[in-house]
Structures are given as C-alpha cells and as structure tokens.
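# Coordinate analysis (summary)
Residue-level listing of the chains:
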Amino acid sequence: MFQPLTETAYAKINLALHVRRRRDDGYHELETLFAFVDAGDRLQVTPADRDSLRLSGEFAPLLAEEDGNLVLDALALLPRRHGWLVSLDKVLPVAAGLGGGSADVGAVFRLIGRTYGLPDHWHALASKLGADVPACVESVAMVGRGTGTELSAAPDDLAGCPVLLVNPRVPLPTGPVFKAWDRVDRGAMPEGSAREIALYGRNDLEMPALSICPQVGDVLAALGQTGAWLSRMSGSGATCFALYDSKAQRDAAKAYIEAKHPDWWQLAGALR
C-alpha cells in the first residue's frame, strides 16, 4: 500500500553570487555559494490515475496564474509506476531569489529518489528545468559554477547557523535584474570555508536589483539594525537574509522587523 509521502522544498539562498561575464549563449557565467534553510514549501504525494498538482498556501494564487508548473514538468521527466497527485503548500514567495520553483522540483526529485531511485542522468534532467535545480536536489551547501549547474562540495562550517529571511512582498523576476547588470567583472569568488566565502564575497545582482526594486534597500537597512554578522540579498532578490550567532538574536531580529514592518514576509530558520 502506497503511503502518502512528504518532503520540504528547502529555501535556497546565495551566500555569495559573483557574475563574471555574459556568455555567447545568452546565459551568465556565475560563481556562487548555495546554502539552504531548514524550512520552505511543503509537498505531499498520493497515488493518482494521472499526474496532477493541487496548490494551497499564501502564494498559491500567484502560481495558479502561470501557464505551467515546474513540478508537473519534473514529473513528466521522471518515470514511475503510477501517477502522482502532488499537494503543494506554497510557503515561499514567488520571484523572490529563494529558488522557490527550483526548490519544489528538488523536493520532487528527492521523493522519487526515495521511492524508485533516480536515473543515472538525473543531473542533466534537473539542469533542463533550471540552473538552480541540481543544487536544490542536493539542498546542502554547494559551490556552483558555470550557469550554476557545475557543483562541488563547499567546506561547510555554517550548518545550524540561525538565519532570518525577509521579503518586502514585491515580486522581482530574474530576467530584468540580469539585464540591468552593468557587465563589469568584479573578480572571482573567494576561496575558503563557507563562512569565509560569505563574509568576503558579494552579490553582484544587488545593485541592479536596487535600481528596479528600491525596497530591497529598505530591507537591508532594517536587517542592518538587528545585530546580524552578515546581511545580504539572495539571488536576484528581493528576499534578503541575515545570519546570527544565536537563535535568541535571530528571534529578537524577527520581532523587531515584525514591529517595524508588519507587512513584510519573514521566515526564521537555520542553515542545513
């Protein structure tokens, strides 16, 4: 008897994101340090006659407006003995720099891996669905190069680090942010541990995102008042993250942001 399966689509953040150049194929050459928060969207799978998707949660209406969905695209690529009904509780905001759709696909890959095993070429299949998807399948700290799909292990000394995610509830699609990048190569991502890369790295998409969505600056300014040892925008924005030395500091920061900006979205957790 097939028991319902559950999985978390862990929120992705980029502790550093260096954009080196625009490639001839139109993509951008990147160096990034992926990290994942121990919370995110929630998926439940039950058997069905055919593959289908049921949406719930605060941000589900935004997905319902889209023509397709990456979860169904992933199911179409991965063989199973029967159809799946995937119930997706959409906790993460959309177009937010958190890899929301990619994280959902990563969760689907992990569910299929647990149930049937993944094909040997799963990485290539994942890459077809998005540059962040292979990292989201792994959902642990990874260095990404190329378009983000060339992965290597990161010397991870940040597992368990308290983290706060804050989004001003302003969607910020990736395409316009990359288009606004000034094409200046500001240098390679530093070597070292995850903490060192985070501290001495940068996010080259932060300035172009600010030019489109000045609310990102408001979030960064607010997080700068909370005692974080690092605060930065994630991915192409508009979500920003802050890292703390203790859960008490993180929780105090969450309370501070809630009091000052009750309309902003927040998620408190720890790095995986």
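Residues numbered from 1 in each chain as written. Predicted model: local features only at pLDDT ≥ 70, side-chain atom pairs only at ≥ 80, totals over all residues. Heavy atoms only, no water.

### Examining the overall build of the protein chain
On a plain count of helices and strands, the protein chain comes out with 10 helices and 10 strands. Taken over the C-alpha trace, the protein chain has a radius of gyration of 18 Å; the compact-globule value for 272 residues is 19 Å, and the two agree within 12%. Principal-axis analysis of the C-alpha atoms places the extent of the protein chain at approximately 50 × 45 × 35 Å. Counting across all 272 residues of the protein chain, residues that qualify as buried make up 52%. Residue pairs in contact within the protein chain that sit at least 24 positions apart in sequence constitute 76% of those at least 6 positions apart. Measuring between centres, the 27 positive side-chain charges of the protein chain sit 1 Å from its 33 negative side-chain charges. (Helix = DSSP H or I, 4+ residues; strand = E, 2+ residues; numbered from the N terminus. Rg over C-alpha atoms; globule rule 2.2 N^0.38 Å. Buried < 20%, exposed > 50% of the residue type's maximum accessible area, 1.4 Å probe, protein only. Contact = heavy atoms within 4.5 Å. Lys, Arg positive; Asp, Glu negative; His and termini not counted. Charge placed at Lys NZ, Arg CZ, Asp CG, Glu CD.)

### Things to note about the nonpolar core
Ile 13, Leu 15, Phe 109, Leu 165, Leu 243 and Leu 271 are the most contacted members of the largest nonpolar core, which has 61 residues in total. The greatest single-element share of this core, amounting to 8 residues, is contributed by strand β2 (residues 28-48). Discounting residues that sit within four places of it in the chain, Leu 243 has contacts with Leu 15, Cys 161, Pro 162, Val 163, Ala 228, Trp 229, Leu 230 and Leu 271. By size, the runner-up hydrophobic cluster in this structure holds 25 residues, among which are Leu 17, Val 19, Ala 209 and Ala 222. (Core = buried A, V, L, I, M, F, W, Y, C linked by side-chain atoms within 4.5 Å.)

### Focus on the pattern of salt bridges
Per the stated rule, a full pass over the model turns up 18 salt bridges. One salt bridge connects Lys 254 with Glu 258, and the closest N-O pair in it is separated by 2.5 Å. Here Lys 254 pairs with Glu 258, and both are found in helix α10 (residues 247-260), just 4 residues apart, close to one helical turn. Within this structure, Arg 21, Arg 23, Asp 25 and Glu 29 form a network of salt bridges that share partners. (Salt bridge = Lys/Arg side-chain N within 4 Å of Asp/Glu carboxyl O.)

### Details of helix α2 (residues 70-77)
For α2, the set of buried residues is Val 71, Ala 74 and Leu 75. When α2 is viewed along its axis, its buried side chains cluster within an angular range of 100° and face the same direction. In this structure, the buried residues of α2 make contact with β3 (52-56), β4 (83-89), α3 (100-115) and α4 (122-129). For α2, the capping residue at the N-terminal end is Asn 69, with a side-chain oxygen 2.7 Å from the backbone nitrogen of Val 71. (Arc of directions from axis to C-beta. Polar contact = N/O pair within 3.5 Å; in protein donor to acceptor, adjacent residues only side chain to side chain.)

### Some details on the sheet that holds strand β10 (residues 265-270)
Judged by pairing direction, the sheet is antiparallel, and its 4 strands sit side by side in the order β8-β9-β7-β10 without closing on themselves. Strands at the two margins of the open sheet, each flanked by one partner only, are β8 (230-233) and β10. Direction aside, neighbouring strands of the sheet carry axes that sit 15° apart on average. Where strand β7 (residues 162-167) meets β10, 6 bridges bridge the pair, whose relative direction is antiparallel. From the neighbouring strand, Leu 164 faces β10, where its bridge partner is Ala 268. Sheet contacts for helix α9 (residues 215-223): β7, β8 and β9 (240-243); angle to β9, the most-contacted strand, approximately 10°. (Pairing = 2+ DSSP bridges. Axes fitted to C-alpha atoms, helices over the stretch in contact; angles between N-to-C directions.)

### Digging into empty space enclosed by the protein
Throughout the structure, instances matching the rule amount to 1 cavity of 30 Å³ or more. Taken together, Leu 15, Ala 35, Ala 141, Asp 156, Leu 158, Ala 159, Ala 194, Leu 271 and Arg 272 form the lining of the largest cavity. Split by residue class, the lining of the largest cavity holds 7 nonpolar, no polar and 2 charged. (1 Å grid on protein atoms, 1.4 Å probe; cavity = no way out; pocket = protein on both sides within 12 Å on 5 of 7 lines; lining within 4 Å. Points joined across faces, edges and corners; volume = space filled by probe spheres on them. Nonpolar A, V, L, I, M, F, W, Y, C, P; charged D, E, K, R; others polar.)

### As for the layout of surface pockets
Approximately 950 Å³ is the volume found for the largest pocket. Taken together, 43 residues form the lining of the largest pocket, with Gly 99, Ser 102, Ala 131, Asp 132 and Thr 174 sitting closest to its centre. For the lining of the largest pocket, the secondary structure elements donating two or more residues are β1 (5-22), β2, α2, α3, α4 and α6 (174-180). Of all the elements, α3 adds the most residues to the lining of the largest pocket, at 5 residues. Residue composition of the lining of the largest pocket, by class: 19 nonpolar, 19 polar and 5 charged.

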